[in-house]
Amino acid sequence: MIELIPAIDLRGGKCVRLLQGRFDAETVYGDDPVAMALRFQEQGATRIHVVDLEGAKEGHPVQTEVMRAIASAVRAPVQTGGGLRTLEAIRSVLDAGAQRAVLGTIAITDPALAQQAFQEFGDAVILGLDARGGQVATHGWVETTPLSAVDVAKRMQDAGARRIIFTDIGRDGMLEGVNVEALREMAQSVAIPVIASGGVSTLADLEALKPLEPLGIEGVITGKALYAGTITIPDALKVLAGGR
């Protein structure tokens, strides 16, 4: 069964969502990220995805203490990303209670360091690939590179990456539906598990992902749809388990 992973995006200690990563297009959904994580867990979430938005922009973790509070409050494992561009930064969030750390920008800017991270931390590190029109974006989605997401995924798999979060940032926060074909291409291009992210808006989007599970899609991250109420965790879990 594809795992449903609710997202909590942190900025200023609050739960927010940015429209396509734009800091000038922010919506605040809650003042208490710990309470939000507990609510998601109570509704059936088996993993929580925490994003340090300020960390992604600044290049180093900023919201580690909030993430620590979330990780210590919930039983569900926490995976986190945002500004993890040194081995020390990765170690700091893992020591703070995250089960997995998500590496994005350094896979592009310093592939050797990314490889070192994969070797040192193994399953505790996930490659985060954010793409716009198939091209990788970095530095909190601020910069778009000419690099193909699929090509980077293959290179990082060879470097030791154990799994990938693939985000279509053109659809993130837009409630426009998932990019099934891009996910299919990514899953077929690598031999490691892929977690889908970006665009989930309805239960039909989750239905559309189910045929990709045999190709290696192991999870799906959703944020805006949960906050906007277009899907609920219990309903989503039923769909992913095979029912409506």
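Look up a bit, the structure's there.
Residues numbered from 1 in each chain as written. Predicted model: local features only at pLDDT ≥ 70, side-chain atom pairs only at ≥ 80, totals over all residues. Heavy atoms only, no water.

A separate point is the side chain of Ser197. Counting through the fold element by element, Ser197 comes out in strand β11 (residues 194-197). A relative accessible area of 11% means that Ser197 is categorised as buried. A polar side-chain atom of Ser197 sits 3.2 Å from a polar atom in the side chain of Thr167. (Helix = DSSP H or I, 4+ residues; strand = E, 2+ residues; numbered from the N terminus. Buried < 20%, exposed > 50% of the residue type's maximum accessible area, 1.4 Å probe, protein only. Polar contact = N/O pair within 3.5 Å; in protein donor to acceptor, adjacent residues only side chain to side chain.)

If you walk through the whole model with that rule in mind, you get 8 salt bridges. The shortest N-O distance in the salt bridge between Glu3 and Arg47 comes to 3.0 Å. With a gap of 44 residues between them, Glu3 in strand β1 (residues 3-11) and Arg47 in the loop between α1 (33-42) and β4 (48-52) connect regions that are remote in the sequence. Neither residue differs from the other here; Glu3 and Arg47 are each classed as buried. (Salt bridge = Lys/Arg side-chain N within 4 Å of Asp/Glu carboxyl O.)

On to the environment of Arg184, then. Inspection of the secondary structure puts Arg184 in helix α8 (residues 180-189). Arg184 sits 31 residues away from Leu215 along the chain, and the two C-alpha atoms are 7.5 Å apart. In this view, Arg184 contacts Leu212 and Leu215; residues no more than four positions away in its chain are not counted. (Contact = heavy atoms within 4.5 Å.)

Right, let's get into the environment of Val51. For Val51, the position within the fold is in strand β4. Counting along the chain gives 42 residues from Val51 to Val93, while the straight-line C-alpha distance between them is 12 Å. When near neighbours in sequence (up to four residues on either side) are disregarded, Val51 contacts Ile8, Asp9, Leu10 and Gly81.

What follows covers the packing of helix α4 (residues 87-95) against helix α6 (residues 111-121). Between α4 and α6, whose axes approach to 10 Å, the crossing angle comes to 35°. Two packed elements cross with a definite hand, and for α4 against α6 that hand is right-handed. Residues Leu87, Ile90, Arg91 and Leu94 of α4 form the contact with α6, whose own contacting residues are Leu113, Gln116, Ala117, Glu120 and Phe121. Each residue belonging to the contact of α4 with α6 can be placed in one class, and the counts come to 6 nonpolar, 1 polar and 2 charged. (Axes fitted to C-alpha atoms, helices over the stretch in contact; angles between N-to-C directions. Left-handed = near helix turned anticlockwise from the far one by under 90°. Nonpolar A, V, L, I, M, F, W, Y, C, P; charged D, E, K, R; others polar.)

Here we take up the pairing of strand β12 (residues 217-222). Most of β12 is tucked away, with 5 of its 6 residues classed as buried. Where β1 lies against β12, 4 bridges are found, and the strand directions are parallel. Bridged to Pro6 within β12 is Thr222. Bridge count between β11 and β12: 4 bridges; the pairing is parallel. Note that in β12 the partner of Ser197 across the bridge is Ile221. For the segment spanning β11, helix α9 (residues 203-209) and β12, crossover handedness is right-handed. (Pairing = 2+ DSSP bridges. Right-handed = clockwise from strand over helix to strand, strands pointing away.)

Attention shifts here to the nonpolar core. Counting residues in hydrophobic clusters, the biggest one holds 75 residues, and the most contacted among them are Ile90, Ile164 and Phe166. The dominant element in this core, judged by the number of residues it contributes, is helix α7 (residues 149-159), at 6 residues. Leaving out residues up to four positions away in the same chain, Ile164 has contacts with Ile126, Leu127, Leu129, Ala153, Met186, Val190, Ile192, Pro193, Val194 and Ile195. Ranked by size, the runner-up nonpolar core spans 7 residues in total, among them Ile5, Val102, Ile126 and Ile165. (Core = buried A, V, L, I, M, F, W, Y, C linked by side-chain atoms within 4.5 Å.)

Tracing the backbone through its elements, the reader meets Ala69 in helix α3 (residues 64-73). Each C-alpha atom, one on Ala69 and one on Ala96, is 8.7 Å from the other, the two residues being 27 residues apart in sequence.

Attention now goes to the packing of aromatic side chains. Taken as a whole and assessed by the stated rule, the structure comprises 2 aromatic pairs. Pairing Tyr29 with Tyr227 gives two aromatic rings, centres 4.8 Å apart and planes at 20°, and the pair type is stacked. Highlighted residues: Tyr29 in strand β3 (residues 22-30) and Tyr227 in helix α10 (residues 224-228), separated in sequence by 198 residues. Accessibility expressed as a relative area gives 27% for Tyr29, which makes it partly exposed. A network of ring pairs unites the aromatic residues Tyr29, Phe40 and Tyr227 as a single cluster. (Phe/Tyr/Trp six-rings, centres within 6.5 Å; stacked < 30°, edge-to-face > 60°.)

These figures come from the coordinates and say nothing about function on their own.
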